[in-house]
Amino acid sequence: MQLDFLSNASHELKTPVTAIAGFAETLQDGAKDDPETLNQFLDIIQKESKRLTELITDVLSISRIESQSISQQKNGWPGYF
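The rules behind the values
- Residues numbered from 1 in each chain as written.
- Predicted model: local features only at pLDDT ≥ 70, side-chain atom pairs only at ≥ 80, totals over all residues.
- Heavy atoms only, no water.
- Helix = DSSP H or I, 4+ residues; strand = E, 2+ residues; numbered from the N terminus.
- Expected span 1.5 Å × (residues − 1).
- Buried < 20%, exposed > 50% of the residue type's maximum accessible area, 1.4 Å probe, protein only.
- Contact = heavy atoms within 4.5 Å.
- Polar contact = N/O pair within 3.5 Å; in protein donor to acceptor, adjacent residues only side chain to side chain.
- Patch = residues over 30% accessible without salt bridge, like charges linked within 9 Å, V, L, I, M, F, W, Y side chains within 5 Å.
- Areas by Shrake-Rupley, 256 points an atom, 1.4 Å probe, with all protein chains shown as cover.
- Salt bridge = Lys/Arg side-chain N within 4 Å of Asp/Glu carboxyl O.

**Regarding helix 1 (residues 2–28)**
Here's step 1: Here helix 1 spans 39 Å end to end across 27 residues, near enough to the 39 Å set by a 1.5 Å rise per residue.
Here's step 2: Along helix 1, the positions that sit buried rather than exposed are Ala 9, Pro 16, Ala 19 and Leu 27.
Here's step 3: Residues of helix 1 that are buried in the fold lie against helix 2 (35–74).
Here's step 4: Residue Gly 30 follows helix 1 closely and has a positive phi angle near 125 degrees.

Structural data, given as structure tokens:
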């Protein structure tokens, strides 16, 4: 189950990073000279950055919950609430 999670998380994290990199590269290659394209691409980069931040927050939350569960199991707690 952890392997599936890591695979899915890696894919979900890679998608916005790839989009951000692609749009930034396109802007550097000259798209920045068109104000409409510039604004559109910056909006996309901002949206994908927010998505990336949310995904990272979710992964950290799951990690924290998992760590608490492991800690409780080591201390004799059943690991559920």
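**Thoughts on the side chain of Thr 37**
Here's step 1: Mapped onto the elements of the fold, Thr 37 is located in helix 2.
Here's step 2: Reaching out from Thr 37, the side chain makes a polar contact with the side chain of Asp 34 at a distance of 2.6 Å.

**Regarding the environment of Glu 12**
Here's step 1: One can find Glu 12 in helix 1.
Here's step 2: You can call Glu 12 partly exposed: its relative accessible area is 32%.
Here's step 3: Distance in space between the C-alpha atoms of Glu 12 and Leu 52 is 8.4 Å, their sequence separation being 40 residues.
Here's step 4: When sequence neighbours within four positions are dropped, the list of residues in contact with Glu 12 reads Arg 51 and Leu 55.

**A closer look at a nonpolar patch on the surface**
Here's step 1: Together, Phe 5, Leu 6 and Ile 62 give the surface a local cluster of nonpolar side chains, amounting to about 270 Å² of exposed area.
Here's step 2: Position of Leu 6 relative to the elements: it lies in helix 1.
Here's step 3: Taking the relative accessible area as the measure of exposure, Leu 6 reaches 51% and is therefore exposed.

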